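What follows is each chain in one-letter form.
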Amino acid sequence: MLLKDKKAVTNKKGRFKSHSIAPGDYELDMDISSLPIGLGSYLQLPYKVSLTKGKAVEVNVPLGRVGRVRGSVFEDKNKNGKRDEGERGLPLIRIVLMRDSSILRDTFSDKEGEYSIAGILPGSYILAIEEKWLPERYKLTTPAIQKIDLKPEEVIAGLDFGAVEKDCRARGNFYLNR
């Protein structure tokens, strides 16, 4: 746990103490990478803590089993909404994980169009593609958002987003110039 640049290590029971900190407002944070694999914090970190002279403050940080989502962004040549053999991935497309209209996490598709978001606490979320990151003249062939309900330790795969280049059409009028 980190509080004003002071590190506190938890004991075997998961308890920690910070000593010699002046009264004031601080942010409590933790190095998530130090948690055992598969665990995440239910407490939104960093967590605001107000310290008053002569008073102890107890902060409980509940932990839970986390899950993962993964999928791809691909060029949907036949516009069927499914990634078929030979349909290439679209790289560098932003995917966001949201709850209550707030972006919690984001990632970008890799050179093969694949993406993954790990360390997600169980719950209901919206996974969305940001269309402005699609190549110029591309449009989606799948919905831009997908609702997901993630269970502890669950991996939800196949959350794919398809896009295709818009048809190119020329318009004009022919007339006889006299």
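In what follows, the structure referred to is the one given above.
Residues numbered from 1 in each chain as written. Predicted model: local features only at pLDDT ≥ 70, side-chain atom pairs only at ≥ 80, totals over all residues. Heavy atoms only, no water.

> Before we move on, can you summarise the pairing of strand β13 (residues 145-150) with the specific residues and values?
On β13, burial follows the alternation: Q146, I148 and L150 on one face are buried, whereas I145, K147 and D149 on the facing-out side are not. With six bridges connecting them, strand β11 (residues 123-129) and β13 associate as antiparallel partners. Residue pairing in the sheet places I126 in a bridge with K147 of β13. (Buried < 20%, exposed > 50% of the residue type's maximum accessible area, 1.4 Å probe, protein only. Helix = DSSP H or I, 4+ residues; strand = E, 2+ residues; numbered from the N terminus. Pairing = 2+ DSSP bridges.)

> Quick one: what's the story with the environment of D84, residue by residue and with numbers?
Here D84 lies in the loop between β7 (67-75) and β8 (94-99). Residues D84 and F74, ten residues apart in the sequence, show an inter-C-alpha distance of 9.3 Å. In terms of polar contacts, D84 uses its side chain to reach the side chain of N78, at 2.8 Å. (Polar contact = N/O pair within 3.5 Å; in protein donor to acceptor, adjacent residues only side chain to side chain.)

> I'd like a description of the nonpolar core, backed by residues and values.
Residues V69, L127, I129 and L134 are the most contacted members of the largest nonpolar core, which totals 23 residues. Secondary-structure elements contributing two or more residues to this core are β7, β8, β10 (114-120), β11, β12 (138-140), β13 and β15 (161-165). Residues in contact with L134, not counting those within four places in the same chain, are L90, I93, I129, K139, L140 and A163. Membership of the second largest hydrophobic core comes to eleven residues, among which are I21, M30, V49 and V59. (Core = buried A, V, L, I, M, F, W, Y, C linked by side-chain atoms within 4.5 Å. Contact = heavy atoms within 4.5 Å.)

> Explain the sheet that holds strand β9 (residues 102-108) residue by residue, including any values.
The strand order β9-β8-β11-β13 describes an open sheet built from four strands, whose pairing is antiparallel. The open sheet has two edge strands, β9 and β13, and neither has a second partner. Pairwise comparison of adjacent strand axes, ignoring direction, gives a mean angle of 25° for this sheet. (Axes fitted to C-alpha atoms, helices over the stretch in contact; angles between N-to-C directions.)

> Give a detailed account of the pairing of β11, specifying residues and quantitative values.
Sheet topology places β8 next to β11; four bridges connect them, and they run antiparallel. From the neighbouring strand, L97 faces β11, where its bridge partner is L127.

> Give a detailed account of the pattern of salt bridges, specifying residues and quantitative values.
Taken as a whole and judged by the stated rule, the model has eight salt bridges. In this structure, R83 and E114 form a salt bridge, with 3.1 Å as the shortest nitrogen-oxygen distance. Of this pair, R83 sits in the loop between β7 and β8 while E114 sits in strand β10, and the two are 31 residues apart along the sequence. Taking relative accessible area as the criterion, R83 reaches 30% and is therefore assigned partly exposed. With a closest N to O distance of 2.9 Å, D106 and R94 form a salt bridge. On the criterion of sequence distance, the pair formed by D106 in strand β9 and R94 in strand β8 is long-range, its members being twelve residues apart. (Salt bridge = Lys/Arg side-chain N within 4 Å of Asp/Glu carboxyl O.)

> Quick rundown of the layout of surface pockets? Include the residues and the values.
Volume-wise, the second largest pocket comes out at about 480 Å³. For the lining of the second largest pocket, the secondary structure elements donating two or more residues are β4 (39-41), β8, β9 and β10. The element best represented in the lining of the second largest pocket is β4, accounting for three residues. Residue composition of the lining of the second largest pocket, by class: 13 nonpolar, four polar and three charged. (1 Å grid on protein atoms, 1.4 Å probe; cavity = no way out; pocket = protein on both sides within 12 Å on 5 of 7 lines; lining within 4 Å. Points joined across faces, edges and corners; volume = space filled by probe spheres on them. Nonpolar A, V, L, I, M, F, W, Y, C, P; charged D, E, K, R; others polar.)

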